[in-house]
Structures are given as structure tokens and as C-alpha cells.
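# Per-entry structural report
As a plain string of letters, each chain reads:
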Amino acid sequence: KSIRIDDLSDVAGLLPNGDLFYHTSQGIFIIDPNTFRRVINDSIERVSMVLKNKHIKRVTPYNSSSMLLYAKNNQLYLWDTVKMTIIDQNHTDFPFHIPLDDISTVYVDSHQNVWIGSERDGYQVLYHQQSRFKKETEKIYWGSVQGIERRTGELQLALNKAHA
């Protein structure tokens, strides 16, 4: 089966509950994987309206019920996929402080540590369990970070050495 998308898709993937989702300039769309039909309700429409005309560059699971969305405007959004709510990084309920203002990528590793890449400041790690470490964040500068990905079991950084 196929899914007709009426606009260019920025990102697509699976939600924690197994539903499919994709994002276009028109917002977030959720597809039931059993019927391949679009799921429509008021909660999804509210989330979709917040993300309308935002260019989502990356979506990564944050925990068992929410996703972090990184947008082209260097903003992070936390999407609670159970409650169908979305907040931006400046909201008081956002789960952590963003120490950078020029985010280029975001990644959440298997320990729920959040890796935030920056064009200007390298990357910072926001540790999920502060008690294991002496400080909440670690800042390492190797040049501007273009991307953070997990490949073959290892975390890989894509760096732009021209800014170093």
C-alpha cells in the first residue's frame, strides 16, 4: 500500500505507539498503520497548527511518550504523542534548558542524554542522570557540528572544521 502526500515531506517516522507520522509545511499528519488512513481529531489538529509552516529537520524519540523535533528556525519542540500536546523550548514546562542559541542538530542517545550540536559552539551534552556526572552539561568544541547520528552502534558527529 502507499500513502498519498499532497506536499513535500520534511520528515517521517514511527511514533512510540507504532503509528506512522509525517510532517509537511501543512503540519503533522498521523497514519494508522493497519488501515493506512489518516487519523484526524482535534488534538492532532492543534499540534499540526503549531507546526504549520515550520521546516522540521529532525525528529528523535525523547522518552516513551514524547519526541523532540528540531526545526530549521533553530527551535526545539517537545511533542507529547500521548497527550497530543506540543511546547517549544522557551516554554516553562520544557524538560531542560537549551544552553545554545544556534542549534544545528539534536540527538537523544540510549541513556536519554541529549546531544545538541551548534554551528558556533561545537556540541553540548545534557545528561539525563546528573548524579552520574559532576556537572549537568559538557561542552566540547571541535568546530561547528552539522549532524549527530548513531551508526553501527557508535555515535558519530559530522563536523565542519572550517569554523574551528
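Everything here concerns the structure above.
Now for a look at the structure at hand. (Residues numbered from 1 in each chain as written. Predicted model: local features only at pLDDT ≥ 70, side-chain atom pairs only at ≥ 80, totals over all residues. Heavy atoms only, no water.)

### So, the side chain of Q75
Inclusion rule: Numbering of helices and strands starts at the N terminus; helices are DSSP runs of H or I of at least 4 residues and strands are runs of E of at least 2. Working rule for contacts: check all heavy atoms of both residues, and any pair within 4.5 Å makes them a contact.
Within the secondary structure, Q75 sits in the loop between β6 (66-71) and β7 (76-80). Those residues in contact with Q75 that sit more than four places away from it in its chain are L69, Y70, D88, Q89 and N90.

### Some remarks on the packing of aromatic side chains
The geometry of an aromatic ring pair comes down to the distance between the two centres and the angle between the two planes. Keep this limit in mind: Ring geometry is summarised as follows: Phe, Tyr and Trp rings, the Trp one being its six-membered ring, pair when their centres sit within 6.5 Å, and such pairs are stacked at plane angles under 30 degrees, edge-to-face over 60 and tilted between the two. Partly exposed describes any residue whose relative accessible area lies between the buried limit of under 20% and the exposed limit of over 50%, with all areas from a 1.4 Å probe on protein chains only and scaled to the type maximum.
Evaluated as defined, the whole model comprises five aromatic pairs. When the ring of F94 is compared with that of F96, the centres are 5.1 Å apart and the planes differ by 70 degrees; the resulting orientation is edge-to-face. By the burial criterion, F94 is buried, and F96 matches it. Note on W115 and Y123: the rings are 5.2 Å apart at their centroids and 20 degrees apart in plane angle, and the pair reads as stacked. Y123 carries the same exposure label as W115, and that label is buried. Here the aromatic residues Y62, F94 and F96 are joined through ring pairs into a cluster of three or more.

### Observations regarding the pairing of β7
The following threshold applies: Strand pairing is assigned whenever DSSP identifies at least 2 bridges connecting the two strands.
The element β7 is extensively covered by neighbouring structure, given that five of its five residues are classed as buried. Every second residue of β7 is oriented toward a common face, with L76, L78 and D80 on one face and Y77 and W79 on the other, all of them buried. Where β6 meets β7, five bridges bridge the pair, whose relative direction is antiparallel. Considered in β7, the bridge of M67 is made with W79. Counting the residues in the hairpin turn of β6 and β7 gives four residues, including N74, whose phi is positive at 65 degrees.

### With respect to the sheet that holds β6
Strands in a sheet are paired, the pairing made by backbone hydrogen bonds, and the direction either parallel or antiparallel. The following threshold applies: A fitted line through C-alpha atoms serves as each axis, taken over the contacting stretch for helices, and the angle formed by two N-to-C directions is quoted from 0 to 180°.
One open sheet holds the four strands; their spatial order is β5-β6-β7-β8, and the pairing between them is antiparallel. Each edge of the open sheet carries a strand with a single partner, namely β5 (56-63) and β8 (85-88). Between one strand axis and the next, the sheet turns through 25 degrees on average, direction left out of account. Packing of helix α1 (residues 42-51) onto the sheet brings it into contact with β5, β6, β7 and β8, and relative to β8 it is tilted by some 25 degrees.

### Quick look at α1
One turn of an α-helix holds 3.6 residues; hence residues three or four places apart share an orientation. Operational definition: Directions are taken from the helix axis to each C-beta atom, and the arc is the one they span. Polar contacts, as used here, are pairs of N or O atoms within 3.5 Å; protein pairs need one atom able to donate a hydrogen and one able to accept it. Residues neighboring in sequence count only if both atoms are side-chain atoms.
Considered for burial, the residues of α1 that qualify are I44, V47, S48 and L51. The buried residues of α1 all sit within an arc of 100 degrees when viewed along its axis, so they share a single face. What points out from α1, more than 90 degrees from its buried face, is the exposed set D42, R46 and M49. The N-terminus of α1 is capped by N41, whose side-chain oxygen sits 3.1 Å from the backbone nitrogen of S43. N53 sits one or two residues past α1 and shows a positive phi near 65 degrees.

### What to know about the sheet that holds strand β2 (residues 20-24)
Strands sit in the order β1-β2-β3-β4 across an open sheet of four strands; the sheet is antiparallel. Each edge of the sheet is formed by a strand with only one pairing partner; in this case those strands are β1 (11-14) and β4 (38-39). Summarising the sheet, strand β3 (residues 27-31) and β4 pair through two bridges and their orientation is antiparallel. Considered in β4, the bridge of I30 is made with V39. Docked against the sheet, α1 engages β2, β3 and β4, running at close to 145 degrees with respect to β3.

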